[in-house]
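Per-entry structural report
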Amino acid sequence: MEIVIIGGGFAGLNLAKELLNQKDVHVTLVDKNNYNFFPPLIYQVATAFLEPSSISYPFRKFFAGKKNLQFRLGQLQEVVPDENKVILHNGEISYDYLVFATGAETSYFGLENVKKNAIPMKTLNDAIDMRNTILKNLEKAAICRDTRERRALLTIVVAGGGPTGVEVSGMFAELKNNIFLKEYPELATAASNIYLIDGGPALLAPMSKASQEDTHKALTDLGVIVKLNIQVVDYKEGIVYLSNDETIQSENLIWAAGVSAMTFKGIPSESYGRGKRMITDTYNKVQGTKNIYAIGDTAIQNSDPAFPDGHPQVAQVAIQHGINLAANFKSMLRNKPLTPFKYNDKGSMAIIGKNKAVVDLPKPKMHFKGFFAWAIWLFIHLVSLLTYRNRVKTFFNWMIAYFAKDQSLRMIIRPDKKMKPVKNASE
């Protein structure tokens, strides 16, 4: 059985891991990056509290010595279902079963200026770009003599009140309150604000009312200006335009307002549902195909009575999708009945700042906040990292940040894109 997995996030990697050493199964995992990374912590890379290697790990290093697992660096161009093959930008691969685990990408809801000028928060590249942008703007503000321009350089607008938006807003508030004024004495009297904007009536919409209210209060106490029932409608020339006709002058618009799945050539249009997600049956097989599956954020399954509009696009769904599909592939080999997917909701959480977090547990229905919730959040995210190396590095950085209220990772590192002349070998 030749299985090709497109995408090495939570869903794809867990599927591959569950098929490790499985007799008569060979897995090829294809990804456009040569590393796996942990999306829930990219905002800490973006705010320079973690280094990129703390939350990422090379696929080839992870797959080393695993005889039935193979990694292929590549970008998917097309699927040819009739020939059971995929065409990558650098070659072709044949399959018996194809699995899409491509996750989701940032959605800008058709706002072209926002897409062109805002800072997204979806990939590790986005996080590094955001860190560089914020730090460069701080350096510009330190030597700026124009009060209006300096305020725009220092003002941060975060669009999207989900976990990412809440967490990055809280982190920036703590940086502003504890670090920036120490390291940038030139800005001691400079005015600046952190805005968190969301189109809904509450932050953390999927969570309990108690979590929403606790989060709103904690962010406000940190100095974040929260604006609800308001949307960003445009962003150009350093001005954020809001749906209530208000404007905010800022050189830092961080976009955490939405995601969308991706479409692929060769997959029938009728196979796509809301948010471009592939419609699957209860076994994760894509509608209108015979041997193509979709798991994680790129899949939508309406057959679960508890989630008639599809499962949430969160890590736990992706992980459970991967594990369940692996079990079904094993059952196929043994001619045993397949197991329909049923999501086990283990709860949701969000961190706001030091000693501040919210946690909702569904069974039994419980809500936690403050230090205890913060400790739960740290533990769950720490053990969820891919390797012991990642866990040790992250824990070490967290301990430094906790006791010192600081971190020494605020460096602007960017590649030199200038081509250097090639010297003659005789020189």
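Per-chain numbering applies: the sequence of each chain, read as written, is numbered from 1 onward. Only residues with pLDDT of at least 70 are given local features in this predicted model, and only at 80 or more are side-chain atom pairs given and counted; all residues enter the totals for whole chains, interfaces and linings. Side-chain measures here rest on the full set of heavy atoms in the structure, leaving out hydrogens and waters.

Some words on the packing of aromatic side chains
To pair, rings of Phe, Tyr and Trp, with the six-membered ring standing in for Trp, must have centres within 6.5 Å; the planes then decide the type, stacked if under 30 degrees apart, edge-to-face if over 60, and tilted in the middle. Counting across every chain of the model gives 15 aromatic pairs. A ring pair is formed by F100 and F264, whose centres lie 5.0 Å apart and whose planes are at 35°; its orientation type is tilted. Of this pair, F100 sits in strand β9 (residues 97-100) while F264 sits in the loop between β19 (259-260) and β20 (278-279), and the two are 164 residues apart along the sequence. Judged by relative accessible area, which is 14%, F264 ranks as buried. Among the aromatic residues, ring-to-ring pairing joins F59, F62, F63 and F71 into one connected group. Two conditions define a charge located above a ring, namely a distance within 6 Å from the ring centre to NZ of Lys or CZ of Arg, and an angle within 35 degrees of the ring normal. Lying over the aromatic face of F62, K66 brings its terminal NZ or CZ to 4.7 Å of the ring centre. Stacked on the ring of Y241, the Lys or Arg K236 has its end atom at 6.0 Å from the ring centre. Secondary structure elements follow DSSP: runs of H or I of four or more residues count as helices, runs of E of two or more count as strands, with numbering from the N terminus. Exposure classes here rest on a 1.4 Å probe applied to the protein chains alone. A residue is buried below 20% of its type maximum, exposed above 50%, and partly exposed in between.

Remarks on helix α10 (residues 370-384)
Relative to the 21 Å expected for 15 residues at 1.5 Å per residue, α10 spans 21 Å between its end C-alpha atoms, a close match to the ideal helical length. Among all positions in α10, only A373, W374, W377, L378, H381 and L382 are buried. Looking straight down α10, one finds that the buried residues subtend no more than 165° of arc, so they occupy a single side. Contact between two residues is taken to exist if any of their heavy atoms lie within 4.5 Å; hydrogens are not considered. Next to the buried residues of α10 lie α2 (42-46), α7 (163-183), β23 (348-353), β24 (356-361), β25 (366-369) and α11 (388-404). Take the number of residues in a helix, subtract one, and multiply by 1.5 Å to get its expected span. By arc we mean the arc of the directions from the helix axis to the C-beta atoms, nothing more.

Quick look at the layout of surface pockets
Throughout, the protein atoms alone are placed on a 1 Å grid, and a set of points is a cavity if a 1.4 Å probe fits but cannot get out or a pocket if it is open with protein on both sides within 12 Å along at least five of seven lines; lining residues have an atom within 4 Å of a point. Grid points are joined across faces, edges and corners, and a volume is the space filled by probe spheres set on the points. Computed from the structure, the second largest pocket encloses a volume of approximately 400 Å³. Along the walls of the second largest pocket sit 24 residues, with F49, M171, E174, G353 and K354 positioned nearest its centre. Secondary structure elements with two or more residues in the lining of the second largest pocket: α2, α7, β23, α10 and α11. At eight residues, α7 tops the list of elements feeding residues into the lining of the second largest pocket. In this classification, the charged set is Asp, Glu, Lys and Arg, the nonpolar set is Ala, Val, Leu, Ile, Met, Phe, Trp, Tyr, Cys and Pro, and all remaining amino acids, among them Gly, are polar. Class assignment for the residues of the lining of the second largest pocket results in 14 nonpolar, six polar and four charged.

Brief notes about the side chain of K227
The topology assignment puts K227 in strand β14 (residues 224-227). For K227, a relative accessible area of 17% corresponds to the buried category.

A short note on the nonpolar core
The nonpolar core is taken to be a set of buried Ala, Val, Leu, Ile, Met, Phe, Trp, Tyr and Cys residues, with the residues joined through side-chain atoms within 4.5 Å. If you look at the biggest cluster of nonpolar residues, it comprises 64 residues, and the most contacted ones within it are L41, I55, M130 and F172. Aside from chain neighbours lying at most four places away, what touches L41 is L50, I55, W377, H381, L385, T394 and W398. One finds L19, F62, V99 and F329 within the second-largest nonpolar core, a separate group that totals 26 residues.

Side note on the confidence of the model for the chain
For residues with low pLDDT, the predicted coordinates do not support detailed interpretation. Within the chain, residue pLDDT values average 91, and 96% of them lie at 70 or more. Per-element mean pLDDT across the chain ranges from 86 in α11 up to 98 in β9. As a per-residue measure, pLDDT reflects the predictor's confidence and takes values from 0 up to 100. Counting interchain partners and residues more than four positions distant, the pLDDT-below-50 stretch residues 422-427 has zero contacts.

Points about the sheet that holds strand β1 (residues 2-6)
Note: two strands are recorded as paired if DSSP finds a minimum of 2 bridges between them. Spatially, five strands are ordered β5-β2-β1-β9-β21 in an open sheet, and the strand pairing comes out parallel. The open sheet has two edge strands, β5 (69-73) and β21 (292-294), and neither has a second partner. Shown here is a sheet whose adjacent strand axes are inclined to one another by a mean of 20°, direction ignored. Both β9 and β21 contribute to a ladder of three bridges, which runs parallel. Only the stretch in contact is used when a helix axis is fitted, and all axes are lines through C-alpha atoms; the angle between N-to-C directions ranges over 0 to 180 degrees.

Let's talk about the pairing of β14
By the bridge criterion, four bridges tie strand β13 (residues 194-197) to β14 in an arrangement that is parallel. Paired with I197 across the strands is K227, a residue of β14. By convention, a crossover is right-handed whenever its connection, traced from the first strand over the helix to the second and viewed with the strands pointing away, goes clockwise. Traced from β13 through helix α8 (residues 209-222) to β14, the parallel crossover comes out right-handed.

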